[in-house]
Amino acid sequence: MSENTVQYSKRSRERAIKDFLRQFLGHGGAQLGIVCLIFFFVLAAVPNILVGPLQTAINATGDFLAPPSSQHLLGTDEVGRDVLNLVVHGARISLTIALLATVISLIVGTTVGMTSGYFGGWVDVWLMRITDFFFVMPSFVLALVITPVVLEVMGRGGDILGFRPSLFVIIVVIGMTSWAFVARIVRSQTLSLKERTFVDRARVVGSSDFSIMVQHILPNLVPQIAANGALVVSGAIYIETSLSFLGLGDPLQPSWGTLLSLAQRAGAASAGAWWYLGAPGLCALTVALSFVLIGNALDDTFNPRRRVIP
Amino acid sequence: MTEPSRSTALLLNVDGLSVDYKLKGLSSRAIDGVSFALRAGEAVALVGESGSGKTTTAMAIAGLLSPNARVSEGEVRYRGERLPINDDVAMRPHRWSETSVVFQGAMNALNPVHRITKQIAEPCILRLGLSRSEATVRARELLELVGIPADRGAAYPHELSGGMRQRVMIAMALACRPSIVIGDEPTTALDVITQAQILKLFGDLRSKLNLALILITHDLSVVAETCDRVMIMYAGRIVEDGTVADVFAQPKHPYTQLLIESIPNPANGKRMIRPIPGDPPNLVNRPSGCAFHSRCPSAMTVCATEVPSLDEVRRGRVACHLHRPLTQEDKVAIHA
Amino acid sequence: MPDTADILRLESLQVHFPIRGGFFDRVLGRPAGAVRAVDGIDLNVGQGEIVALVGESGSGKTTVGRVITKLAQPTGGRLLFEGRDMTSERGSSTLRPYRRRVQMIFQDAYQALNPRHTVFDIVAEPLRSLRLVENHSQLTERVSEALAAAGLNPSGDFFPRFPHELSGGQRQRVVIAGALAVKPELIVADEPVSMLDVSIRAQILQVLVDLRDKHHMALLFITHDLPLAWLIADRIAVLYLGRLVEIGTADQITFNPRHPYTVALRNATPQIRGDADRSKLPALQGEVPSAARVPKGCRFHPRCPLAFDRCKEEEPPALEVGPQHMSACWLTK
């Protein structure tokens, strides 16, 4: 064939990515979400530069429960710590927990969903029964039960992979309780992908089941996983905040939930210290909302018409 | 069903029709200066490969162009009156009532949750203003007309075989008593034996109802048995037009010649493959001059620069420089 | 023309798909039926031979292809490759030697190519997974050789392209290149040209015929198109509802069909120039029945214009009607 009727550019992959970005960034929700997230990621990245080291009762600088002023933009807490300082440091803890928990959830969910959908038969039946269990069990309640037990067994001292044990446990528990949603979506996509002829072809040319899953099915799942991953992050933020609020967080590495919990115990609501409750609450809300917006924008961008298969 | 008078009046006159599609800000011409006439009771085939513009031509006539397509030049006259193809609302009385379409995928065009009779009755109620009971009677008549026992109308689409579903599609196309029926690859998804049955049905209906038929297809052999006239399209233009007998016996355009030769035909006994080189052109950057010149074995220098017009020749029309008076320098063969 | 030794042999091959009854059927012990997609087929393909398997949809022709390429498991009969029983071999590592010798070409090339892989990766996949190359330069060499053999020149230009950047004909050539990269001895081609534009079909057929002529590959060509089968094949096997009704040389089947179904199929095939011996038989009525409800006796008898009493009771075996020519019809005796 001497003629190539279809225009061909060497950078077609780059062009596809560029097209995708243009469409994605043109989405109003995505813009808002991204701006918010960039702001919080900057806070989380360099808290010491922005607000100095984390304040404790010992190096607290202000009065007790002082309202916002020029010196303490978000007021102070019951031991005189600057709330702005706490919130900025809390961003780091909250985001880390949420993102790591999401990574665990996506890995488990994708593995279970893909294995279940690809192999079918009894593998599918059993894996899906397990998934159903996690799906119907409110993950928050499960986390609430598991976390104190694990903490009791392991103790609160020392650290695991650089995290205080309580944070590590929260990450794992959130990850382990929020994958069922991902697994369901991945399984249904896998079921339709494995009927595609290119999977038949891969089998005929001798590819193993593992390489078919990794080379052929997984890349075609990426859009779904990305879009739903963003939703999982926002769920993880809520669970983390709630668990910490109920006192399962670590007071030495306070997240936004921990701050809310401390504020509650200090009687901030009855004392009229709205800044103490409002600042971390609003942060958690904004970040969770941003991830939802981004998730929805990703979902729309990956072609709403072809939502079944990218 | 009353027997319509057997007239051969001029129904349709397409004159210099060009249709542009807009896609991502780019405009591409799907058909370019298509002209032909259609008489009542006549069966014409529009033959071409994907992207040849055969479907666009037919959809323009039926008033079913997609929203991003515009008629940019030329006109279509139906019974002497100009059709407002670009005006979606003004086309409504014409659409389906005068020109209807039998589409390829019958399963997609039928609603799976409604019974067949109801789906055929629907256009009768909307278009002909019949009451529900009158429409049901009409639907049963139509089913019998296309060879389905009227009682089968109580079935749902998935309970019918592929051939039966295509018959239902034909019944729906006939519901408003159109004078032109367009078959858009109506048998492509069917098996050979079912295809023969459906093609025979088209022939029977044509003589019974004096329908004009436009058959869109990529399959020349289907044309041979169903149509009177055939128009070959390539890259948005008609390249050859003539009676089926003339075109198949003595194709004039090199593309038609190669196309006919590339169809395996046991009747002429030659087991030989003669590929047409190259790929069909895409419409975004159409080749200069005659769109076929880069694949044509008898291309000359003039073919690369000048678009050949569709000229009347003895028995039919052809758009090829080989059939035009040329100067000596124009005649230099490219593939010498 | 066919050689002495058969490369592939199917012996009473059978593929039944069970119909799972509902809950109540199972509780009440009602027997669940089966879709008899392939119901006892004997077929052989010689080395370097092109055999066409012709049938309508529902005839089981695609399932036969899937059994040979080990994408479907037979429920009965045997699949022999060079005399070796491959019927129950399974698992990607066990099948590796077989896959190296038997490859497949698919009907819809667009569907058969992973949209996220480049042409190079697609053609390299069999070479990598069947471990046929030792290093990257060898891989590149084999890939470009295969692309060139499939008519994609210069092959290097095609390496980084994605399937959606190719035309329909080019995509089918990529599928063919992937199949012949491993230098197989048998290729199963399932309707390889039916999705292509008419002017492209002959190009692809030429590539397939060249594979046989130059590399002595055997080809099982699955199609619904009798004239096309005649054009490309040495022998034609006609399938109806999961069984072979007639098999013979391409000329025998085309010019001297003996089974009423083959005759009907030929008569229904539209032709460009009229054929004098048409319409000896009336055109067939109705359509192929479901493979879940196969008629008793000869499975063609409800539609056969020549059926008589025996056809309703007894299924005819393949009866010899000439050299290499068999027809499963009581009338051919």
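Quick caveat: nothing in here was measured; it's all calculated off a predicted structure.

Trainee: For the sheet that holds strand E1 (residues 6–18) of chain C, give the residues involved together with the corresponding values.
Mentor: Sheets are built from strands paired through backbone hydrogen bonds, the pairs being either parallel or antiparallel. Residues and elements named next belong to chain C. One open sheet accounts for four strands, arranged E2-E1-E4-E5; its pairing is antiparallel. Each end of this open sheet is capped by a strand with a single partner; those strands are strand E2 (34–46) and strand E5 (84–85). Here E1 runs beside strand E4 (residues 76–81); their pairing, made up of five bridges, is antiparallel. By the bridge assignment, arginine 9 is partnered in E4 with leucine 80.

Trainee: Summarise the packing of aromatic side chains; cite the residues concerned and give the values.
Mentor: Geometry of an aromatic ring pair is reported as the spacing of the ring centres plus the angle between the planes. Counted under the stated rule, the structure contains 16 aromatic pairs over all chains. Seen in terms of ring centroids, A:Phe20 and A:Phe24 are 5.8 Å apart; in terms of plane orientation they differ by 5°. Their pairing is stacked. Of the two residues, A:Phe20 and A:Phe24 are both situated in helix H1 (residues 12–25); the distance of four residues between them amounts to about one turn of the helix. When its relative accessible area of 8% is taken as the criterion, A:Phe24 is described as buried. When the centroid spacing of 5.4 Å and the interplanar angle of 85° are considered together, the rings of A:Phe133 and A:Phe134 count as edge-to-face. One aromatic cluster is present, formed by A:Phe39, A:Phe40 and A:Trp256 through successive ring pairs. The ring centre of A:Phe135 lies 6.0 Å from the NZ or CZ of A:Arg184, which sits over that ring. Directly above the aromatic system of C:Trp330 lies the positively charged group of C:Arg310, at a separation of 3.6 Å from the ring centroid.

Trainee: How would you explain unusual backbone geometry if you had to name every residue and give the values?
Mentor: Peptide bonds are, in most cases, trans, and in most cases residues other than glycine have a negative phi. All names here are of chain C. Here the amide bond leading from asparagine 153 into proline 154 is cis, since omega sits at -15°, within 30 degrees of zero. Note on placement: proline 154 falls in the loop between helix H6 (136–149) and helix H7 (155–158). With a phi angle near 60°, lysine 70 is a residue other than glycine that sits in the positive phi range. On the secondary structure map, lysine 70 appears in the loop between helix H2 (61–68) and E4. Even without a glycine there, the phi angle at glutamine 324 is positive, about 60°. On the secondary structure map, glutamine 324 appears in the loop between strand E11 (319–322) and strand E12 (325–327). Residue class for glutamine 324 comes out partly exposed when judged on its relative accessible area of 45%.

What counts, and at which threshold
- Residues numbered from 1 in each chain as written.
- Chains lettered and ligands numbered in written order.
- Predicted model: local features only at pLDDT ≥ 70, side-chain atom pairs only at ≥ 80, totals over all residues.
- Heavy atoms only, no water.
- Pairing = 2+ DSSP bridges.
- Helix = DSSP H or I, 4+ residues; strand = E, 2+ residues; numbered from the N terminus.
- Phe/Tyr/Trp six-rings, centres within 6.5 Å; stacked < 30°, edge-to-face > 60°.
- Buried < 20%, exposed > 50% of the residue type's maximum accessible area, 1.4 Å probe, protein only.
- Lys NZ or Arg CZ within 6 Å of the ring centre and 35° of its normal.

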